[in-house]
Amino acid sequence: MAKERWLGREILEVVSTEFRDRSMEYYRYALESGVTSINGRPAKPDTIIRNGDRIENVVHRHEPPITSTPVKIILHDKERGFLVINKPGSIPVHATGRYYHHSLVQILRNDFGFDKVYTINRLDRLTSGLMIVPLNADLARSLSAEFVNGSVHKEYIARCKGEFPVDEVVCEEPLLTVDRQMGLNIVHPEGKPAKTVFNRIRYDSNTHTTVVRCRPFTGRSHQIRVHLQYLGYPIANDPIYSEERIWGPNLGKGGVDVIPSGERAAPAPPPHLRNEYSPESFRTGTDDGGPNSHERKLLPRETGHDIGMGSPVPLSADAVQVITRLRSMKDEDEDWSRWRDVVFRAKGALTPKTVRIPPLSPQNRRKRGGAAENATSGLDGEGEEVAAQLSLDEALVRLPTMEASEPAVDPDTWDAVLPRMLFTAPPRS
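Overview of the structure. (Residues numbered from 1 in each chain as written. Predicted model: local features only at pLDDT ≥ 70, side-chain atom pairs only at ≥ 80, totals over all residues. Heavy atoms only, no water.)

Across all of its chains, the model carries 17 salt bridges by this definition. Glutamate 168 serves as the salt-bridge partner of arginine 215, at 3.0 Å between the closest nitrogen and oxygen. Placement of the pair is arginine 215 in strand β12 (residues 209-216) and glutamate 168 in the loop between β7 (156-161) and β8 (169-171), with a sequence separation of 47 residues. Taking the relative accessible area as the measure of exposure, arginine 215 reaches 17% and is therefore buried. Accessibility expressed as a relative area gives 48% for glutamate 168, which makes it partly exposed. Between aspartate 306 and arginine 327 there is a salt bridge; the shortest N-O distance is 2.9 Å. Here the residue aspartate 306 occupies a position in the loop between α7 (300-303) and α8 (317-333), and arginine 327 occupies one in helix α8, the gap between them amounting to 21 residues. An identical accessibility class is assigned to aspartate 306 and arginine 327; each is buried. Each of the salt bridges in this network shares a partner with another, and the network as a whole consists of Asp124, Arg225 and Asp238. (Salt bridge = Lys/Arg side-chain N within 4 Å of Asp/Glu carboxyl O. Helix = DSSP H or I, 4+ residues; strand = E, 2+ residues; numbered from the N terminus. Buried < 20%, exposed > 50% of the residue type's maximum accessible area, 1.4 Å probe, protein only.)

Encoded structure:
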């Protein structure tokens, strides 16, 4: 179903800003091919999304791999109807993005036979730990209320970079999600309140890392990861908040600047892929170049203004640079796949060129209590006449008067065969 932030926008703009794994031209080409429908009807690139629209898309995809460590059920309370499970890292709780079968909910359904589960406390995809999973709605509501009221005590263990202070550290910086695509959160004064208490457990001088006990008193997205980064001790193997290519040498210590900035730059391919045929080398006219060519408006992704569209506050120049570097790192890790996207150049249907799809056969409609009757007439998909379909009795009656097409059967042979065919024809009931 259409999300609120999609309403009133063209579907091409929505698709190209919500998803980034394919090029702009591919999304336009796919929509023109009819693989996406709205309320059962094929959608075009300029179709406006309305409230209540049901959007469906046909695509072939492979889910990313997850850990081979199995999900373990620590406790199954059949009387009260809940599970306590140990979720390994790399498994998302719910179906999201490219994950469906490799989500915790689907694993519990397919591997353990629990058709209906209620996930009330969620762990990040990369986080491992215990989860309480109610098996009925009433228990889910009561336990959710306990989580909201703060009566449930949660603890995490993390290994962070650097030597963490010996004394207890309390971080109460507010957190804000500034990019939904990349799942990026930062410390921001307009964010939601968050509080985490940290206690040092052990420092390892060999690896210059510290094992820390983390106690979150709120449940914000990436709360522990962002608070540790803000304090200058990011989680050692965090692919986002501990990456120098994204945050620079200080790894985001102290947060980023929050002064709003409207500066944006159009996305650019890496130097070795910069050429006039790049699928992200945007053009502002139609493809034919003739008198009917016209200028079209550039979409946010083409100008770089898609950065920050999902943010509830204007972004600063620092935040924009962080998101840009994060996206570039993702593109590089995927071998710049969207910049190598060449499927749209075929400008044909989304089927292999070597495969010829024959026209559909004429539909037959049988009247109630009567014989089958041809329901189609005129020309087929190739512009040729469609021959009327005859019953067996009609064919046998017309057979002597029909003209044979070249190469014809020898007349003497035909005269000998025809009586035998008429004689051996089975009687009709």
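There is more to say after this.
Looking now at the side chain of threonine 210. Considering the arrangement of structural elements, one finds threonine 210 in strand β12. Assessed through its relative accessible area of 0%, threonine 210 is described here as buried. In this structure the side chain of threonine 210 is engaged in a polar contact, spanning 3.1 Å, whose partner is the backbone nitrogen of phenylalanine 164. Each residue touching threonine 210, except ones within four places of it in the same chain, is listed here: Ala158, Arg159, Cys160, Gly162, Glu163, Phe164, Arg200, Arg202 and Tyr203. (Polar contact = N/O pair within 3.5 Å; in protein donor to acceptor, adjacent residues only side chain to side chain. Contact = heavy atoms within 4.5 Å.)

All right, on to the packing of aromatic side chains then. Applying the stated criterion across every chain, the model contains 5 aromatic pairs. A connected cluster of aromatic rings, assembled from ring pairs, spans Tyr26, Tyr27 and Tyr29. Of note, arginine 22 hangs over the ring of tyrosine 26, and the distance from its end group to the ring centre comes to 3.7 Å. Lying across the ring of phenylalanine 217, lysine 195 places its NZ or CZ 5.0 Å from the centre. (Phe/Tyr/Trp six-rings, centres within 6.5 Å; stacked < 30°, edge-to-face > 60°. Lys NZ or Arg CZ within 6 Å of the ring centre and 35° of its normal.)

With that settled, the discussion passes to a nonpolar patch on the surface. A surface patch of nonpolar side chains, amounting to about 300 Å² of accessible area, comprises Ile74, Leu75 and Leu130. In this structure, leucine 130 sits in strand β6 (residues 129-134). Residue leucine 130 is classed as exposed on the basis of its relative accessible area of 56%. (Patch = residues over 30% accessible without salt bridge, like charges linked within 9 Å, V, L, I, M, F, W, Y side chains within 5 Å. Areas by Shrake-Rupley, 256 points an atom, 1.4 Å probe, with all protein chains shown as cover.)

Attention now moves to the sheet that holds strand β5 (residues 82-87). Pairing is antiparallel across the open sheet formed by 3 strands, whose spatial order is β4-β5-β6. With partners counted over all chains shown, the strands left at the sheet margins are β4 (72-77) and β6, one partner each. Pairwise comparison of adjacent strand axes, ignoring direction, gives a mean angle of 20° for this sheet. Two strands pair when backbone bridges link them, and β4 and β5 are joined in this way by 5 bridges, in the antiparallel orientation. In the sheet register, histidine 76 faces β5, and the bridge partner there is leucine 83. (Pairing = 2+ DSSP bridges. Axes fitted to C-alpha atoms, helices over the stretch in contact; angles between N-to-C directions.)

Our next topic: the sheet that holds strand β1 (residues 36-38). Spatially, the 3 strands line up as an open sheet ordered β2-β1-β3, and their pairing is antiparallel. The open sheet terminates on both sides in strands that have one partner only, identified here as β2 (41-42) and β3 (55-57). Pairing of β1 with β2, which is carried by 2 bridges, proceeds in the antiparallel orientation. Bridge pairing in β2 links isoleucine 38 to arginine 41.

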